[in-house]
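# Remarks on the overall topology
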Amino acid sequence: MEGAVIGQSVPRLDSPAKAIGKADFTADLRFQGMLQAKILGSKHAHARISHIDTTLAERLPGVQAVITAKDAPAVRYGVYLKDEVLLAREKVCYLEEPVAAVAAVDEDCASEALALIRVEYEPLPAVFDPLEAMQPDAALIHQDSSSYKAVFPSVRYGNVCMYTRIEHGNVEEGLAAADLIVEDTFCTQPVHQCYLEPHAVVALFDASGKLTVWSSTQQVFVSQATLAEVLQIPMTKVRVINTYLGGGFGGKLNPWLEGIAALLARKSARPVKLVFNRLEEFMATQPRAPFIIELKTGVKRDGRIVVRVAKIIGDAGAYADHALGETAQAAVRVQGPYKIPHMRAEGFCVYTNKVNFGCYRGYGVPQAVFAAESQMDIIAERLGLDPLAFRAINLAEDGDLLPSGERLRCVSIKETMQTAAERADWMEKRVNKVAGRGIGIGNAYTNTGMLASSVFLRSNEDGTFQIFSGVVDIGTGANTILCQIAAEELGVPLEDVSIVSGDTDMAPYDLGSIATRVTYDTGNAVRLAAMDVKRQLFEIAAKRLEANIEDLEIGHRHIYVKGSPDKGVTVAEICQHGLYVEGGPIVGRGKFLGVPSFKTQPGEGYPLDPYPSFIFGTHIAEVEVDKDTGQVKVLRIVAVHDLGRAINPLAAMAQIEGGIGQGLGYVLTERMIFNEEGRVLNPTLLDYKVPTALDMPQMEVVILEYPDELAPFGAKGIGELPQICAPAAVANAVADAIGVRIRELPLTAEKILEALRQDSV
Amino acid sequence: MAKQQIRLKVNGETYEILVEPYITLLEALREELRLTGTKKGCDLGDCGTCTVLLEGKAVNSCLVLAIDARDKEVTTVEGLAQGGKMHPLQEAFIEHGAIQCGYCTPGMLLSAKALLDMNEHPSEEEVRAAIAGNLCRCTGYVRIVEAILAAAESLARRGNG
């Protein structure tokens, strides 16, 4: 029955509920006696808090609880480095950092109460530029950072919250052997994920003291563990649920809003809802970290790359958060899908007095690939080679080494690049140039498979099955894909499988819906659970049919002896037999942790674990630039991805198209503009400029399938890569169109006009 | 300011509610009538997630005061399906994979309905223009545009049949 469900473009299982407006997102929930919460943000980017007076706010009729740091256990938390606090304690490190919070009968009352809280600050010198923050005399943002716990062998000093140095080969030898050495510095801007659903939390304590939190989180188990940590209560007393999530893209990982809502719920003894507005989203959540990327690359005259020295400076903002991991990840991925025998990468993640930056679809890789692919074109031009021909000389192959010690597996970049070049008519368009138009390529790879997943799979007595998983379907179609994997393995129709997900009380641990990992990791766990269930079904059926297990097959909701499909028993009968006669209900379990076969050489201060597998892709973009206005119109993007195997091609294509849309915003229009006080000057969706339906180019999406034997049915996933390839391709196409290269994102009309003006001087 | 009693006609039903004059139609729908299918994304008219039909026209319900909608016909996503049967737009959105996280979906559906009610045979460009005020961060709009064009065809077929 192989192939019956896998590879089928089926509509997402949750789409009917969403289409009729009956999918409850967190902000839609309401409970008896529920209060509304608001957070008071700091009025300074860097200041000591000398006094907080909440008396007037507490007296306001309708206010049920006011909290400050003294209401929270003195715990610092964080994913890599435990430097964060729920509410500012003694000092604030960014504008709008939470200082106090209020729960009141309605939002208006809560807002009124915020205005009554008196906070006295002693302003401190603030630093907003990571290069300035790295200077020895810069104002220290975390005075006692050496006391913070790190979950990896951390190297840090001054405002640098992570220093890492990773290397392979011999860089000095490589530099000596190079015929041409090219050096460039690239800068990327802070961008917001702009998921349409703002952060939302509902927290309530039941009579037994157990906390239940409904949260717009991508990681229910991480939220559960963090809540237990920051509230100092056992994990069994914390349940985190997500029903539906209105997008996340990496922006809904850090669980601090949940903690504040929980503290208010505890103090008021009422359910508390906390929903961010769009202004708060832009001012106080975790946008993608901006990077400065210095690349020094040496090549031989024949086009072979021999060496690269990379320095990545990541702006962490006020707390290390995921910017730390992103900086390290960028240091590795800046190699690109190419052979580079000698490579050294240094990563510096630096505190500044801006909002703590986090991750956004690609985890440091979009920044790195914009820089690396831009420089590939610069070098090709210097060598007088076609950009594609230069890349072809250097393409990575299976077994090639990365500076982290990882070895690339399942490498298919040659195939994605060739396919993209053919579909985009690359040679023809490079040779017969049209004035004002340009074509550009973006090659990239990224990791898949990361940390642990586990699932339960149970049978019902009518022969249907249910998966219990800790992932959250954030809009990718993950739940549908997991059901497809289970149905395929069990040999039953898709409609016989359902899933319960996003609830820590209903499922075993799963890291969650991040990092292109769900198909690979949770998919493997589901498949293993289905195999476990199938084995149990066959054991019972073998007795009933007086046959050997190896001779049994499943199909058309029957289990039968091979060759005799008309004889046999129904799956439902076996499920019932298990339940009532044979040892109890059939429950399967699967767990998966993708441990790579190679050993790593982690270098100095490298925080990331090795990944088991990698995905590859190539985008080719065609653009038209109006030289009078600087406006860029993207005409067409050809996007070719090898995702191992498409479990649900419709869902995979949609993921790729969406990634292209986000990539276009990143490269052309989106940026958070901070002023000299650390304030975001464009905190609305209009001023920030998210692409609309009118900004989208023609897209040609091609899926290639080179199955990975370690992945479920070969399927490796797709999530982040489309957003990594597209900006690089567009940036190269713009440079091709205008004949000048801009090394700083986004490529706004102003910058293009300025570049053209300087070029013509 | 004193609360005012207003009559709202939503999805064919009449509701009498007491609201402050500054309450938006979005808040009235979500908080007073508990019709939470209409989503709040920005409260500034920038994202379109709160789009509803007011007298047949697509509006951002966060920019309309509830008292200004009194006695007018409002259609929300909950009113699209009729007699338990989904609107062809809803069917097309599901079938074409136009729904990912689903947060933009209700508003997107209503902008599309306003278009198709006015223009039975829209071009792709007209569809894109009609939903330009509805941001979607998941899809790149490809499948949404496809779904709306497919729904237009299916509606036209029904009309002719």
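Residues numbered from 1 in each chain as written. Chains lettered and ligands numbered in written order. Predicted model: local features only at pLDDT ≥ 70, side-chain atom pairs only at ≥ 80, totals over all residues. Heavy atoms only, no water.

Glancing now at the overall build of chain A. For chain A, the count of helices and strands is 20 helices and 26 strands. Considered along the principal axes of its C-alpha atoms, chain A spans approximately 85 × 70 × 45 Å. Residues classed as buried in chain A amount to 66% of the 761 residues present. Here the contacts in chain A between residues at least 6 apart in sequence split such that 80% fall between residues at least 24 apart. For chain A, the accessible surface area stands at approximately 26,100 Å², while carbon and sulfur atoms represent 51% of it. Separation of charge centres in chain A, based on 73 positive and 95 negative side chains, amounts to 2 Å. (Helix = DSSP H or I, 4+ residues; strand = E, 2+ residues; numbered from the N terminus. Buried < 20%, exposed > 50% of the residue type's maximum accessible area, 1.4 Å probe, protein only. Contact = heavy atoms within 4.5 Å. Areas by Shrake-Rupley, 256 points an atom, 1.4 Å probe, with all protein chains shown as cover. Lys, Arg positive; Asp, Glu negative; His and termini not counted. Charge placed at Lys NZ, Arg CZ, Asp CG, Glu CD.)

Moving on, we get to the sheet that holds strand β17 (residues 452-459) of chain A. Residues and elements named next belong to chain A. Ordered in space as β19-β18-β17-β23, the 4 strands form an open sheet in which the pairing is mixed. Each having just a single partner strand, β19 (497-501) and β23 (587-593) make up the two edges of the open sheet. In this sheet, adjacent strand axes meet at a mean angle of 20° when their direction is disregarded. Note: β17 against strand β18 (residues 465-469), 5 bridges, orientation antiparallel. Bridging across to β18, Ser459 finds its partner in Phe465. (Pairing = 2+ DSSP bridges. Axes fitted to C-alpha atoms, helices over the stretch in contact; angles between N-to-C directions.)

Moving on, we get to empty space enclosed by the protein. On inspection of all chains with the given rule, the structure shows 9 cavities of 30 Å³ or more. Put simply, the largest cavity is a space of about 80 Å³. Class assignment for the residues of the lining of the largest cavity results in 7 nonpolar, 3 polar and 2 charged. (1 Å grid on protein atoms, 1.4 Å probe; cavity = no way out; pocket = protein on both sides within 12 Å on 5 of 7 lines; lining within 4 Å. Points joined across faces, edges and corners; volume = space filled by probe spheres on them. Nonpolar A, V, L, I, M, F, W, Y, C, P; charged D, E, K, R; others polar.)

Bringing helix α19 (residues 721-738) of chain A into the picture now. Residue and element names in this part refer to chain A. Under the 1.5 Å per step criterion, the end-to-end length of α19 is 27 Å for 18 residues, consistent within 8% with the ideal 26 Å. Along α19, 18 of the 18 residues are buried, which leaves the element largely enclosed by surrounding structure. Backbone geometry just after α19 places Gly739 at a positive phi near 75°. (Expected span 1.5 Å × (residues − 1).)

Residues and elements named next belong to chain A. Where burial is concerned, most of strand β1 (residues 35-41) is hidden: 7 out of the 7 residues are buried. One ladder, built from 6 bridges, connects β1 with strand β5 (residues 98-104); its direction is antiparallel. By the bridge assignment for β5, Lys38 is matched with Val102.

The subject of this paragraph is the interface of chain B and chain A. The interface is formed by 44 residues belonging to chain B together with 50 residues belonging to chain A. Across the pair Lys39 of chain B and Asp28 of chain A runs a salt bridge, and its minimum N-O distance is 2.4 Å. In this assembly, chain B and chain A are joined by 19 residue pairs in polar contact (both at pLDDT 80 or more). When contributions to the side of chain B that touches chain A are tallied by element, the ones reaching two or more residues are α1 (25-32), α2 (88-95), α3 (105-118), α4 (124-130) and α5 (142-160) of chain B. (Salt bridge = Lys/Arg side-chain N within 4 Å of Asp/Glu carboxyl O. Polar contact = N/O pair within 3.5 Å; in protein donor to acceptor, adjacent residues only side chain to side chain.)

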